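Listed below, chain by chain, are the residues.
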There are 2 protein chains.
Amino acid sequence: MLTRILAALAALPLFFLAVYFTPPWVLPVALALLSGLAAYEMLHNTGMVKCPVLLTASVLLAAAAVLLDYFLTLPLIAFVMPAAAVIFTIGIFSKGEIPWQALFGAFFSAVFLPLAFGAIGRIQRMDGGDALILVPFIAAWGTDTCAYFAGRFFGKHKLAPIVSPKKTVEGAIGGVIGCILLMIAYAFAAEAIWDVTLSLPALAVLALVGSVISQIGDLSMSYIKRGLGIKDYGKIMPGHGGILDRFDSVLFTAPFTELLLMYITVVL
Amino acid sequence: MLTRILAALAALPLFFLAVYFTPPWVLPVALALLSGLAAYEMLHNTGMVKCPVLLTASVLLAAAAVLLDYFLTLPLIAFVMPAAAVIFTIGIFSKGEIPWQALFGAFFSAVFLPLAFGAIGRIQRMDGGDALILVPFIAAWGTDTCAYFAGRFFGKHKLAPIVSPKKTVEGAIGGVIGCILLMIAYAFAAEAIWDVTLSLPALAVLALVGSVISQIGDLSMSYIKRGLGIKDYGKIMPGHGGILDRFDSVLFTAPFTELLLMYITVVL
């Protein structure tokens, strides 16, 4: 637990540095790196993809998609289709070495991961983005923390025992309630720091949806780990595991936050 | 071969009816049906997905995405992310019955298939869409036919023997050349029928890219079939197999055509 807290304390300044105190190209480049590393963890560390050509191509596609989307604002189809074509072409000419499962895993990594990481960069570019960019992180990591403590104190009924044996229904509910309270507290912080007024009902909706989705994200990544028989995706962060272990919930919360922000007014 | 030709002759009028002689909502609804059926073939007929809940959800997602995209012009993220969330949630609460491969297959079906079928509808809505909508079909089916005959007459070197033992390098090249010639002939037909002037160099680019991509699409769908040990995805069209057997090349050519049409001027 101590390693875990120390590692988090070391990573947080880096996070704030990339988001607030560096030239605007640093965040998308950092997100592209994270997306590529996450694809590497998903395909190589799990043992899913053994062919080095397919692995390299998928990692590059996952990283490049974030950059293309951010700097050229290409339509999504402009990287989904080329990604599919590259991945299948490698399969076709692999002399039957690559199993079909590996191709679908590569497609998922090259499409879902950059879309999810890229959402963080797209939120930053919105009106009030400096304040909004923290919303998915507060939703995801706030839910994690509140669910952990709510589970410890009140946990009785198992939530999804096969996927994640320690999680309880009480923890999940506590995570949602805690997340909503944290998000309302954040409205006051955002007002004080950036002089940005955020709508409390809108934030409550973001917190509710974000919290539920973050738990789905967490369990989803656990489901894949469980299926492939591994404990962690990597060990890049001491005590936290790999990028996919640390960002599992954010990967789902960030794009859903982006999606909600397109349709509801949060910044007043 | 006779069954094959007769089935094609029966299907073609239906195709022209849906594209040119029905109210505008018929084409997207037909594409949504095709997308849902293709997802069913990909997941059920291959034996990839055994869980009926996941199968039903994936088929509905694949069909709904075409409709949402066409009628609400939602951003792509608005169906990719909910699709991922629904598919993983079904996995999480399946009590470990669904293998991870099935989830990735479901994600591919619910994202790639509607994106590909939807491209046909999006092309029709472009300027000169009545003429442009035939371009991916001419590229895909023209390449198929020309490659078949070029292969029969000149075929010597195998192209991808493990995936598709009958295809040759000579056939592939003949397919590309034939496709370019057909597309140039089509320019004159389009001028005569719709009074639409199409740029010949631009059409040649569309034919070249479309023809190469259509062969990748054809081999990609064969790769999956081969991996799963099946001969055809279905038998909905006598002599042709399933939707995925007939539309394999179009599935890749249509979205690439759409993508090229965004950046090059074809209609003069």
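Only a predicted model underlies this, so the values are computations on that prediction, with no experimental measurement involved.

### Things to note about the relation of the copies chain B and chain A
Piece 1. Each copy of the sequence occupies a distinct position, and chain B is placed on chain A by a rotation of 180 degrees and an axial shift of 0.0 Å, giving an RMSD of 0.0 Å. A rotation of that kind, with that shift, is consistent with a two-fold axis.
Piece 2. In this assembly, 100% of the residues forming the interface of chain B have copies in chain A that are likewise at the interface, indicating an isologous arrangement.

### Considerations on the side chain of Q124(A)
Piece 1. Turning to its location among the elements, Q124(A) is positioned in helix 5 (residues 100-124).
Piece 2. Given the relative accessible area of 17%, Q124(A) is considered buried.

### Looking at the packing of helix 4 (residues 77-92) of chain A against helix 5 (residues 100-124) of chain B
Piece 1. Where helix 4 of chain A contacts helix 5 of chain B, the two axes come as close as 11 Å, and the packing angle between them is 120 degrees. Relative to helix 5 of chain B, helix 4 of chain A is oriented oblique. In this structure, helix 4 of chain A meets helix 5 of chain B at a crossing whose hand is left-handed. On helix 5 of chain B, the residues touching I77(A), V80(A), M81(A), A84(A) and F88(A) of helix 4 of chain A are F108(B), F112(B), L115(B) and R122(B).
Piece 2. Class assignment for the residues of the contact of helix 4 of chain A with helix 5 of chain B results in 8 nonpolar, no polar and 1 charged.

### Looking at the interface of chain B and chain A
Interfaces are often sized by the amount of accessible area the parts lose when they come together.
Piece 1. With 54 residues of chain B in contact, the opposing surface of chain A contributes 54 residues.
Piece 2. Taking both sides of the interface into account, the surface hidden between chain B and chain A amounts to around 4,400 Å²; carbon and sulfur atoms contribute 86%.
Piece 3. Of all residues in chain B, the largest losses of buried area upon contact with chain A belong to W100(B), F104(B) and Y223(B), amounting jointly to 17% of the total for that side.
Piece 4. Those elements that provide at least two residues to the side of chain B that touches chain A are helix 4 (77-92), helix 5, helix 9 (200-228) and helix 10 (243-263) of chain B.
Piece 5. Residue classes in the side of chain B that touches chain A are distributed as 41 nonpolar, 8 polar and 5 charged.

Parameters and conventions
- Residues numbered from 1 in each chain as written.
- Chains lettered and ligands numbered in written order.
- Predicted model: local features only at pLDDT ≥ 70, side-chain atom pairs only at ≥ 80, totals over all residues.
- Heavy atoms only, no water.
- Least-squares fit on C-alpha atoms with pLDDT ≥ 70 in both.
- Contact = heavy atoms within 4.5 Å.
- Helix = DSSP H or I, 4+ residues; strand = E, 2+ residues; numbered from the N terminus.
- Buried < 20%, exposed > 50% of the residue type's maximum accessible area, 1.4 Å probe, protein only.
- Axes fitted to C-alpha atoms, helices over the stretch in contact; angles between N-to-C directions.
- Parallel < 35°, antiparallel > 145°, perpendicular 65-115°, else oblique.
- Left-handed = near helix turned anticlockwise from the far one by under 90°.
- Nonpolar A, V, L, I, M, F, W, Y, C, P; charged D, E, K, R; others polar.
- Buried area = accessible area lost by both parts, 1.4 Å probe.

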